[in-house]
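# Close look at the chain arrangement
Listed here are the chains, written in short residue letters.
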Amino acid sequence: MISETDTSVTSSEDLTTEEAALEIQDSHPAPEEVILINQYAQKVIDFSSQYGSDTSISYTAYNITGRPSKFPDYGDFPETFAMRTYGRWWDIAPSAMEELQPTNFHDIPIHDFIVVEFEEFVIPEAIAVYETYNPGAIVKIWAYFSTISTWKCLWYSFPDPYVEKRPRIFSPPLKKVALPTKIIRLEFNHIFLDYFTEIDGMVLTGRKCDVGEICDAAAMRKSKKGPILRKLESVQFKLRQIENHKDILKDFLANDLGNFMKEVGLVHEDEKEDNTPPQITLKDLPCEILFKILSYLDLVSIFRTAQVCKKLYDVATDPFLYQEINLKPYWHAVCDEMLTTLTKRATLLKKLDISWCGLFHSITPSVFREFVRCCCKNLTHLRMNSCKFINAFCMEVVGSVCVNLRELCLRNYSKSPSVLNFHCLKNLRFLERLDLFRTQIDSDLLLMTLRYNPGLKHLNLGICNSTVSMDDVAVHIARYNRSIVSIDMWKSHFLSSVGLLSLSQCHDLEEVDFGWCLREEASPGDSLRILLKGCPKLKKVFLAAIRGINDRDLENITEFCPNLEQLDLMGVLGITYDMCYKILSNCRKLKMLDLSFCDQIDEIQTALWRDVFRVSIKRNFVPPDHPFIT
Amino acid sequence: MCNKMMKWSDAISGVADGVGGWRSYGIDPGEFSSFLMKTCERLVNCASFNPQKPVSLLAYSYCELLEQKKPILGSSTACVLILNRENSTVYTANIGDSGFIVVRKGEIVHRSEEQQHYFNTPFQLSLPPPGHGDNVLSDSPDSADTLSFTVKDGDVILVATDGVFDNVPTKLLLDTLKEIEGEQDAVKLQMTANTIALMARSLAFDSEFMSPFAINARKNNINAIGGKPDDITVVLATVVL
């Protein structure tokens with residue numbers, strides 16, 4: 001919990017209260033004059049996912065700022081921050097993507113993050129997060145210390161599968177770092193979530209400090225010399241090189257090293273029995289075996305292995321081991337130096353995930369461009385989600401070098417549409433997956449990309465900008481991308497029965513997400529029936545908030561969707577008990593059914609169905625005063 | 001039941017009057033107007049809020065309706081005023097027959113225009129249930145009437161729903177508001193607001209009274225007499241510069 005002190009507790013809204021001077025003593029806890037301040041989040045700097053559209057304030061990241069508005073109420077409230085996904089449902093969908101270089105993920109896998117800024121620098125004491133729906137997804141908390149330009153992890157834990165469904169103020173014990181921060185990052189793992197998790201606000205509690213003094217102290221520490229350097233200075237040690245020093249060294253290493261080691265006692269004198277087989281060390285193994293062994297290691301360990309000895313250096317820096325690189329789990333450490341090193345090693349690179357890297361200018365665009373030029377000619381998979389360092393020149397080089405891309409993920413580029421210049425996409429011809437969730441893209445460019453990539457299988461245009469018409473997209477797909485497998489049009493615009501009719505010609509479709517679409521139509525009517533009939537392979541159908549859907553439309557699901565595994569009918573007001581029952585009875589492979597905010601269904605029925613049909617039925621939380629929804 | 005909301009936050013005030021006809025569809029008319037005003041309040045605290053464009057405040061608030069998981073249906077008039085303290089200017093946006101008057105020295109110096117399609121059918125923001133889109137009047141936030149004007153210290157601003165303007169004759173309103181010009185005591189202001197609301201209520205149920213509503217009805221060839229029972233919301237403010 002937030003520690004209470006005897007002095008002022010202020011919020012970022014009224015930080016004009018007088019505060020006594022604070023004496024900074026490095027590691028000794030300050031005596032009576034400690035002043036702790038509490039602050040609400042002031043601004044969101046970055047995030048990987050949100051439920052609402054970018055122009056909205058409902059279910060969006062904006063709601064984590066300021067005072068909590070709903071806590072201690074519990075429920076699904078638009079005044080909170082919610083993310084787009086939860087649980088494992090997206091991992092088992094046809095559009096699911098495997099992580100690259102899975103060896104990098106021996107730690108807790110992170111699905112989403114949010115970075116918030118507070119008004120004042122403080123030395124962090126506690127962080128409290130107000131969770132108002134399905135708590136328990138926060139697995140790591142980081143803070144950015146600008147005086148040393150580094151992120152430090154203040155807390156982490158594996159996700160807890162047994163969190164009670166009650167509102168809570170989550171305040172785990174933090175690591176002590178005596179440096180000022182005002183930027184906090186929360187990282188989430190959704191794996192045990194039953195439904196969306198929602199956050200109403202957060203509080204950073206810390207000791208107010210003078211950033212200027214900390215900067216000076218840090219600078220002083222850097223310039224301080226240690227005992228060895230000081231000693232060397234006092235004896236005025238000068239390094240002298242004798243001639244042929246390299247040859248003398250080589251000679252010593254080859255001939256005299258063994259004796260030297262024996263004399264010093266580093267090698268045992270004991271003779272071994274002659275009938276034991278001669279020892280084979282790692283270094284004696286052929287390279288192919290060493291490559292195989294090292295391929296089980298994560299990237300950091302491979303780097304470390306290179307430091308062991310010359311032979312292992314040769315093996316561990318061989319491009320063979322750098323064909324698939326995932327830098328996302330190292331987002332906090334990826335910097336220009338690392339990229340420069342990789343530029344030398346990764347010349348056979350085929351798959352790269354550099355998502356989330358480069359926040360606060362840790363990567364320079366020119367270094368990235370050099371890396372792409374040297375290493376990415378044969379790239380087939382590129383994931384660059386939420387990379388803050390990307391600018392128009394970066395995109396240009398990607399477009400001209402990486403012409404063989406089969407997979408391209410460019411999520412969360414919503415702020416700078418034309419500035420980023422996605423025209424590089426026009427060179428691609430072999431795309432099978434294109435992920436533009438929350439990214440602004442020019443409509444003509446998108447349609448052209450569809451035309452040029454007939455092999456496209458997975459397309460994500462969720463929260464696409466309103467200049468792109470989904471009807472146009474659908475018509476194009478029906479004409480040019482018949483082998484499409486999954487389409488995500490969540491919260492996009494201008495989808496109508498025209499679009500649905502077009503998509504009915506794509507018989508390989510296994511997954512469609514039309515959540516919050518079809519706003520202009522009363523009911524999709526016949527077009528939905530024709531689509532479902534034309535796509536018998538459909539496993540996932542999301543129709544959230546399509547208010548016009550009625551029982552007649554849903555009848556088609558029971559008739560034409562034998563392979564259905566996931567069905568989202570959130571907010572579909574017209575659905576009745578009988579139709580639900582029919583769907584559950586006919587779709588024998590159904591695993592998930594979202595009936596939140598379907599007011600004609602009540603809790604008792606759904607509880608019974610969960611047991612009888614073994615389907616995970618989602619319902620919005622209803623407070624105990626109103627046990628039955630009418 | 002009350003189906004309007006009043007919001008007073010910093011220097012922003014607004015009223016919204018839910019259209020009662022939705023009751024027969026099983027829709028609570030107060031939900032829509034209530035949501036509209038609550039969302040305006042939330043948007044006001046956003047960094048992107050433009051204090052000189054109350055129309056965009058209404059527009060964004062209206063758009064938020066479409067983003068709710070729990071659908072909010074119905075329709076409502078709306079009137080929003082923003083006082084900019086720096087240049088003593090009031091920016092207003094009005095859709096429908098709610099409205100405001102600004103009183104100075106016992107006279108009305110500014111007032112809103114009533115927006116009606118035809119008699120007793122005001123302009124309204126609406127979100128009909130799916131399938132009823134064609135039968136329902138739905139005006140865009142862009143059709144709001146916008147006015148901006150400067151105010152002086154001591155001015156009285158009254159924002160109210162049509163329940164007030166239809167029942168209380170202008171002279172009676174002016175006499176009441178004259179008393180509190182320049183008044184800074186919140187309690188006195190509250191009492192005056194109560195008075196106006198009470199007046200409107202009593203007159204509404206007076207079946208012999210020639211109310212402003214009745215006068216207007218007769219102009220439209222409708223033989224009406226007496227007050228008009230309706231929901232009443234009053235927001236009262238004085239300008240202090």
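The rules behind these values
Each chain has its residues counted from 1, following the order in which its sequence is written. Whichever chain is written first is A, and whichever ligand is written first is 1; the rest continue in order. Per-residue local features of the predicted model are confined to residues with pLDDT of at least 70, and side-chain atom pairs are confined, for both listing and counting, to 80 or more; whole-chain, interface and lining totals are unaffected and use all residues. Only hydrogens and water are removed before side-chain values are computed, so all heavy atoms of the structure are retained for them. A run of H or I in DSSP becomes a helix once it reaches four residues, and a run of E becomes a strand once it reaches two; helices and strands are each numbered from the N terminus. Only C-alpha atoms enter the radius of gyration; for comparison, a globular chain is expected to reach 2.2 Å times N to the power 0.38, where N is the number of residues. Working definition: with a 1.4 Å probe on protein chains only, accessible area under 20% of the residue-type maximum means buried, over 50% means exposed, and in between means partly exposed. Only heavy atoms matter for contacts: two residues are in contact if any of them lie within 4.5 Å across the pair. His is not counted, nor are the chain ends; Lys and Arg add positive charge and Asp and Glu add negative charge. Every charge is mapped to an atom, namely NZ of Lys, CZ of Arg, CG of Asp or CD of Glu. UniProt positions are given in the numbering used here, feature names are shortened, and annotations may be inferred rather than shown by experiment. A pair of sulfur atoms, both from cysteines and within 2.5 Å, is called a disulfide here. At least two DSSP bridges between two strands are needed for those strands to be called paired. Axis definition: a line fitted to C-alpha atoms, limited for helices to the stretch in contact. Angles are taken between N-to-C directions and run from 0 to 180 degrees. Lining residues are those with an atom within 4 Å of a point, where the points come from a 1 Å grid over the protein atoms alone and group into cavities, where a 1.4 Å probe fits but cannot get out, or pockets, open sets with protein on both sides within 12 Å along at least five of seven lines. Grid points are joined across faces, edges and corners, and a volume is the space filled by probe spheres set on the points. Bear in mind that the domain bounds are from an automatic or database domain assignment. An angle counts as roughly parallel when it lies under 35 degrees, as roughly antiparallel when it exceeds 145, as roughly perpendicular when it falls between 65 and 115, and as oblique in every other case. By the convention adopted, Pro, Cys, Tyr, Trp, Phe, Met, Ile, Leu, Val and Ala count as nonpolar, Lys, Arg, Asp and Glu as charged, and the other residues, Gly among them, as polar.

### Side note on the overall build of chain B
Of the regular secondary structure elements, chain B holds six helices and twelve strands. In summary, chain B has a C-alpha radius of gyration of 17 Å against a globular reference of 18 Å for 241 residues, a match within 12%. The principal-axis extent of the C-alpha atoms belonging to chain B is close to 50 × 50 × 30 Å. Buried positions account for 56% of the 241 residues belonging to chain B. Nonlocal contacts in chain B, meaning residues at least 24 apart in sequence, comprise 69% of its contacts between residues at least 6 apart. Taking the average place of the 20 positive charges on the side chains of chain B and the average place of its 29 negative ones, the gap between the two points comes to 2 Å.

### A few points about the UniProt feature "domain: F-box" (unreviewed entry) in chain A
Here the UniProt-annotated "domain: F-box" (unreviewed entry) positions come out as residues 279–325 of chain A. This span, residues 279–325 of chain A, is 47% helix and 4% strand, and a straight line between its end C-alpha atoms measures 34 Å.

### A look at the state of the cysteines
Applying the stated criterion across every chain, the model contains zero disulfides over all chains. You can see A:C598 has no disulfide; the closest cysteine sulfur is in A:C580, sitting 6.6 Å from it. According to the relative accessible area criterion, A:C598 is buried, its value standing at 1%. The thiol of B:C79 is unpaired, and the distance to the nearest cysteine sulfur, on B:C40, comes to 11 Å.

### Observations concerning the sheet that holds strand β15 (residues 458–460) of chain A
Each strand in a sheet pairs with another by means of backbone hydrogen bonds, the pair being arranged parallel or else antiparallel. Residues and elements named next belong to chain A. One open sheet holds the twelve strands; their spatial order is β10-β11-β12-β13-β14-β15-β16-β17-β18-β19-β20-β21, and the pairing between them is parallel. Two strands close off the open sheet at either side, each with one partner strand: β10 (324–326) and β21 (616–618). On average, adjacent strands in this sheet sit at an angle of 5 degrees to one another, irrespective of strand direction.

### Concerning the layout of surface pockets
Residue and element names in this part refer to chain A. For the second largest pocket, the calculated volume is near 1200 Å³. Lining the second largest pocket are 43 residues, with W90, D91, M97, E99 and H111 sitting closest to its centre. For the lining of the second largest pocket, the elements supplying multiple residues, two or more each, are β14 (433–435), β15 and β16 (486–488). Looking at the lining of the second largest pocket, you find at least three residues from each of domain 1 (36–215) and domain 3 (469–629).

### Observations regarding the packing of helix α14 (residues 526–534) of chain A against helix α15 (residues 551–560) of chain A
Residues and elements named next belong to chain A. Here α14 crosses α15 at 10 degrees, and the two axes come no closer than 9 Å. When the axis of α14 is compared with that of α15, the two are roughly parallel. When α14 is examined against α15, the residues L528, R529, L532 and K533 are found in contact with a partner set consisting of D553, N556, I557 and F560. A class-by-class count of the residues in the contact of α14 with α15 yields four nonpolar, one polar and three charged.

### What to know about the sheet that holds strand β11 (residues 156–160) of chain B
Residues and elements named next belong to chain B. Strand order in the open sheet formed by four strands is β6-β5-β11-β12, with antiparallel pairing between adjacent strands. Whereas interior strands pair on both sides, the edge strands pair on one side only; in this sheet they are β6 (107–111) and β12 (234–238). For this sheet the average axis-to-axis angle between neighbouring strands, irrespective of direction, equals 25 degrees. In this structure, strand β5 (residues 99–104) lies alongside β6, joined through four bridges in antiparallel fashion. Bridged to V102 within β6 is H110.

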